[in-house]
2 protein chains.
Amino acid sequence: MQKTRIGIVGYGNLGRGVELALKQCPDMELVGVFTRRQPEKVEPACIQTKVMHIEDAEGMGDKIDVMILCGGSAGDLPKQGPHFARLFNTIDSFDTHAGIPEYYEKMNQAAQKSGKISIISVGWDPGLFSISRMMSEAILPNGQGYTFWGKGVSQGHSDAIRRIEGVRDAKQYTIPIEEAVSLVRSGANPQLSTADKHLRDCYVVAEEGADKARIEQEIKTMPNYFADYKTRVTFITEAELKRDHSAMPHGGFVIRSGKTGANEENSNIIEYSLKLESNPEFTASVLVAYARAAWRLNREGKSGARTVFDIPPAYLSPKSGAELRKELL
Amino acid sequence: MQKTRIGIVGYGNLGRGVELALKQCPDMELVGVFTRRQPEKVEPACIQTKVMHIEDAEGMGDKIDVMILCGGSAGDLPKQGPHFARLFNTIDSFDTHAGIPEYYEKMNQAAQKSGKISIISVGWDPGLFSISRMMSEAILPNGQGYTFWGKGVSQGHSDAIRRIEGVRDAKQYTIPIEEAVSLVRSGANPQLSTADKHLRDCYVVAEEGADKARIEQEIKTMPNYFADYKTRVTFITEAELKRDHSAMPHGGFVIRSGKTGANEENSNIIEYSLKLESNPEFTASVLVAYARAAWRLNREGKSGARTVFDIPPAYLSPKSGAELRKELL
C-alpha cells in the first residue's frame, strides 16, 4: 500500500498532536514538520521527525500529498491558508466562526486554481459538532438545537484575565450549567443564551501585594468576556496553577430536541458529546482523518475548498466500502 | 422551488411516520401511499393523503422523484427493494446486519441498470449509529467502540415470548445495564458481550389458569433470545399492558473511547445518543432526510446503491452550502 505523505505546518500543541496521531495510522507517513523557528532549535515529540524551515515547503509539492496547517485562526491561517492551498492539498482548523464565509471563498479560489483540495474548519467545533448540528436539524426540522462547551480551558478568556493589572497568570474554564443541561435533555426546548448555559470558572495567580478584591471585581465586570456570565474567581499560588491546571481537557455536547407525530406529541432527542483529556491531540486526530479524505478527493480529480459538510463519512476511513458495510453498518 | 415528490411503499408504523415527517418539510410533497391492501380500506393519518394499490406504482416513474420503501427486512425488502430500484430512486431501512453485503450488491445492480440511486439501510441502526461507529473509529483508531440499545421494545423478543404456550401477549424491553455504561464512559475499555451490556425486561399477559412459573422458566432459558442474558419477567393484566406498554420508545448510544498522546496517556470519549419517544416516527424522519440526498445525487447524474457512509452530510439539508457554512459550521 502506498502511504499518504503528510506535512505539518506550525509546531505548537496542535502540530505536535498531528505528529502523534499519525503514529496511529499505518496508512500514513509524516514527511516533516515546517516551522518559522530555526529548525535545529525545535525538539519534536518523535526523535525521527524531520524538522524543516517553513520556506523549504515550497519546493516539495511532489513529495507531500496533504499539508496539515496547524497555525492559529487569528494571525496565521488567513495568510498561510491561501498560500499553501496554491501548492498542496490542505487541512486546517480555522475556527473564527464569523470569518468562515470569507475564508472559504479565498481558499476555494486558491485551491481551484491549483487543482488541489482544501478542507477548512476541521476539528470538533467547527467540525464534528457542526456535523451534528446540521444533520440533527435536517432530521428533526421541528425542534431546537443547543451547543454546550466544556468543561474546558478557554484560551481567549484566560488571556483576558492575564491582561489585568496585578495578575501574574490565570486559567479560565468554561463549564456547562447543570440545570440548563437537564432542562434541554428533558425536551423542554427552553430559550437559552450562551451565558445561561455556561459558568466561567477562573483560577488566578496574583502578583505579591496585589489587591485581590479589585482584580476579582475587574474580572466579573469585564464586558463581553465575563459581565453577562455567572463567574467564579479563585486565587491560587503559581505552584498550584502548575500542579492542578496544566492539562488541556475540553469537550461539550450538541443536543437537538425535536417533535414528531400527528400532534407533535412525541419528543426525540439527539445528543453528540465529547469528553477529551487532550483537546489539541483530539483535534489533531480529526485533522488526520480528514487528510485521508482530502487526498482521496484530489486523486478523484476534484479541486476547491470543502468543509466537513461536504465529505462522505467513508472518506475518513482507511477501510474499503465493502469492509465498512460488513463491519460497521 | 420545485418540491421533491415522494412516494411511500407499505403503510405500517414506519410508512405512517414518513407521511407525518413529510408534513414538516416544505421542500417535499407526498404523491401517495402504495399498499398491498385494498386502498379504500386504508385510513391514512392525513385526510388528503392519496392511497393507491402497490401495482399502480409501476406507471408513475415520471411522477415520483424518490420512493421510500417502508416494508420489513425479512419478508418485504429482499424482493421489493430490487423491484423498485429498477423504477425509482429509493430509500429503505434494510436492517438485517448480516444480510447487508448481499442486499447491497442486488440493489447496486438494479439501480445501476435503471440509472437511479438507492440508499439502503437508512435509519438509526443501521444508519446514524453506523456513522458514529465509523467516524469515531477513523478518528480514534487506538480505542474501543461500544453500542448500547434501549430502553426500547424489541419486536423480535416480544414475538418469541408470545409463541410460548399459555402466553396471551407480551412486550420485551431491552435496557442498557448501568454498570456497563458507567464502565465504558470512564474510558476503561472493558471487554463486554451484548449480554453483559443489556438487561431483558419482559411484561407478560398469561392465559387464564396458565402455569406462570413454567412460562417464566421457558422465557429465561430460551436459547439465543434470553438464556445468556439477565432477564426479568413480570406478569401483568391485558389492561395494564395496553395502558402502560403501548408506546414505541427506543434509543441507545454509541460510545468510543480512544487514547492519544506520546504514551497513550490521554483518554478521549465520543458518545452519540438517541432518546426517542417514537422509534418509527424518528426512523421515518431519517429516511425523509436521506430522500433529499438520493434525489440530489440522481440529479447530478449518479446511479447505483449507496449507504449512509457515502452521503455528504450537506446532502441531507434543504439549505445551500453557503447557508450551512454561515449558520451551522
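Criteria and cut-off values
- Residues numbered from 1 in each chain as written.
- Chains lettered and ligands numbered in written order.
- Predicted model: local features only at pLDDT ≥ 70, side-chain atom pairs only at ≥ 80, totals over all residues.
- Heavy atoms only, no water.
- Axes fitted to C-alpha atoms, helices over the stretch in contact; angles between N-to-C directions.
- Helix = DSSP H or I, 4+ residues; strand = E, 2+ residues; numbered from the N terminus.
- Parallel < 35°, antiparallel > 145°, perpendicular 65-115°, else oblique.
- Left-handed = near helix turned anticlockwise from the far one by under 90°.
- Contact = heavy atoms within 4.5 Å.
- Nonpolar A, V, L, I, M, F, W, Y, C, P; charged D, E, K, R; others polar.
- Core = buried A, V, L, I, M, F, W, Y, C linked by side-chain atoms within 4.5 Å.
- Buried < 20%, exposed > 50% of the residue type's maximum accessible area, 1.4 Å probe, protein only.
- Salt bridge = Lys/Arg side-chain N within 4 Å of Asp/Glu carboxyl O.
- Least-squares fit on C-alpha atoms with pLDDT ≥ 70 in both.
- Polar contact = N/O pair within 3.5 Å; in protein donor to acceptor, adjacent residues only side chain to side chain.
- 1 Å grid on protein atoms, 1.4 Å probe; cavity = no way out; pocket = protein on both sides within 12 Å on 5 of 7 lines; lining within 4 Å.
- Points joined across faces, edges and corners; volume = space filled by probe spheres on them.
- Pairing = 2+ DSSP bridges.
- Right-handed = clockwise from strand over helix to strand, strands pointing away.
- pLDDT = per-residue confidence, 0-100.
- Buried area = accessible area lost by both parts, 1.4 Å probe.

> Got a sec to walk through the packing of helix H1 (residues 13–22) of chain B against helix H10 (residues 279–299) of chain B? Specific residues and values, please.
All names here are of chain B. Between H1 and H10, whose axes approach to 8 Å, the crossing angle comes to 60°. In this view, H1 runs oblique relative to H10, as classed from their interaxial angle. You can see that H1 and H10 cross each other, and the crossing is right-handed. Here Asn13, Leu14, Gly17, Val18, Leu20, Ala21 and Leu22 of H1 lie close against H10, whose contacting residues are Pro280, Glu281, Thr283, Ala284, Ser285, Leu287 and Val288. Looking at the contact of H1 with H10, its residues break down into nine nonpolar, four polar and one charged.

> A description of the nonpolar core should follow, citing residues and the corresponding values.
Soluble globular proteins tend to pack their nonpolar side chains together in the buried interior. Counting 150 residues, the largest nonpolar core has Ile91(A), Phe282(A), Tyr290(A), Ile91(B), Phe282(B) and Tyr290(B) as the members making the most contacts within it. Aside from chain neighbours lying at most four places away, what touches Phe282(B) is Ile139(A), Leu140(A), Asn268(A), Ile270(A), Trp124(B), Leu128(B), Leu274(B) and Leu276(B).

> With reference to specific residues and values, describe the pattern of salt bridges.
Residue and element names in this part refer to chain B. Under the definition given, this model contains 38 salt bridges over all chains. Put simply, Lys63 and Asp62 hold a salt bridge, and the shortest N to O gap is 3.9 Å. Residue classification places Lys63 among the partly exposed positions, given a relative accessible area of 45%. Judged by its relative accessible area of 54%, Asp62 is exposed. Note that Asp244 is salt-bridged to Arg243, the shortest N-O span being 2.8 Å. Look at Asp244 and you get partly exposed, because its relative accessible area is 41%.

> So what about the relation of the copies chain A and chain B? Which residues, and what values?
With an RMSD of 0.0 Å, chain A superimposes on chain B once it is rotated by 180° and translated 0.0 Å along the axis. Taken together, the rotation and translation describe the operation of a two-fold axis. Both copies contact each other with a shared surface, as 100% of the interface residues of chain A are interface residues in chain B too.

> Go over the side chain of Gln172(A), please, and point to the residues and values.
Residue and element names in this part refer to chain A. Secondary-structure assignment places Gln172 in strand E9 (residues 167–176). Of the polar contacts made by the side chain of Gln172, one reaches the side chain of Thr174; its length is 3.4 Å. In this view, Gln172 contacts Gly152, Val153, Ser154, His157, Ser158, Ile161, Arg200, Asp201, Cys202 and Phe226; residues no more than four positions away in its chain are not counted.

> So what's going on with the layout of surface pockets? Which residues, and what values?
Residue and element names in this part refer to chain B. Here the second largest pocket is characterised by a volume of approximately 1,200 Å³. In terms of lining, the second largest pocket is formed by 33 residues, of which the most central are Asp95, Val153, Gln155, His250 and Asn279. Elements represented by at least two residues in the lining of the second largest pocket include exactly H1, helix H5 (155–162), strand E10 (198–206) and H10. Considering only residue class, the lining of the second largest pocket consists of 12 nonpolar, 18 polar and three charged.

> A description of empty space enclosed by the protein should follow, citing residues and the corresponding values.
One pass over the structure, following the stated rule, counts five cavities of 30 Å³ or more. Quantified by volume, the largest cavity comes out at close to 210 Å³. In this structure, the largest cavity is lined by 15 residues; those nearest its centre are Ile131(A), Tyr272(A), Ile131(B), Met135(B) and Tyr272(B). Taken together, the elements giving at least two residues each to the lining of the largest cavity come down to helix H4 (128–139) of chain A together with helix H4 (128–139) and strand E13 (266–276) of chain B. The calculated volume of the second largest cavity comes to roughly 50 Å³.

> Mind laying out the pairing of strand E4 (residues 66–69) of chain A, listing which residues take part and the relevant values?
Residues and elements named next belong to chain A. Where burial is concerned, the two faces of E4 agree: the one with Val66 and Ile68 and the one with Met67 and Leu69 are both buried. Bridge count for strand E1 (residues 4–9) against E4 is four bridges, and the pairing is parallel. Following the sheet pairing, Ile6 is matched in E4 by Val66. One ladder, built from four bridges, connects E4 with strand E5 (residues 89–92); its direction is parallel. Bridging from a neighbouring strand, Val66 pairs with Asn89 of E5. Note on the crossover from E4 through helix H2 (residues 77–85) to E5: the handedness is right-handed.

> How would you sum up the environment of Gln217(A)? Please name residues and give values.
Tracing the backbone shows Gln217(A) in helix H8 (residues 212–220). Sequence separation between Gln217(A) and Leu328(A) is 111 residues; the distance between their C-alpha atoms is 53 Å.

> For the confidence of the model for chain A, give the residues involved together with the corresponding values.
Note: predicted coordinates in regions of low pLDDT should not be interpreted at a detailed level. Residues of chain A with pLDDT of at least 70 account for 100%, and the chain-wide mean is 95. Reported confidence for the predicted complex is 0.95 by ipTM and 0.95 by pTM.

> Quick one: what's the story with the interface of chain A and chain B, residue by residue and with numbers?
Taken together, the contact between chain A and chain B spans 64 residues of the former and 64 residues of the latter. Roughly 5,700 Å² is buried in total at the junction of chain A and chain B, and carbon and sulfur atoms are behind 62% of that figure. Interface area lost by chain A to chain B is led by Gln24(A), Arg325(A) and Leu329(A), which between them contribute 14%. Counting every contact that joins chain A to chain B gives two salt bridges. Two residues, Lys319(A) and Glu137(B), come together in a salt bridge whose shortest N-O distance is 3.0 Å. One can count 29 residue pairs in polar contact (both at pLDDT 80 or more) joining chain A with chain B. If you list the elements that add at least two residues to the side of chain A that touches chain B, you get helix H3 (100–114), H4, strand E12 (250–260), strand E13 (266–276), helix H10 (279–299) and helix H11 (321–327) of chain A. No other element matches the 11 residues that E13(A) contributes to the side of chain A that touches chain B.

> An account of the sheet that holds strand E12 (residues 250–260) of chain B is requested, with residue identities and associated values reported.
If you walk across this open sheet you meet the six strands as E7(A)-E12(A)-E13(A)-E13(B)-E12(B)-E7(B), and the pairing is antiparallel. A strand with exactly one partner marks an edge of an open sheet, and here the two such strands are strand E7 (143–149) of chain A together with strand E7 (143–149) of chain B. On average, each strand axis in the sheet is tilted by 5° relative to the strand beside it, whichever way the strands run. Each of E7, E12 and E13 of chain A is contacted by H4(A), which is oriented at about 5° to E12(A), the strand it contacts most. In the packing of H4(B) onto the sheet, the strands contacted are E7, E12 and E13 of chain B, and the crossing angle to E12(B) comes to about 5°.

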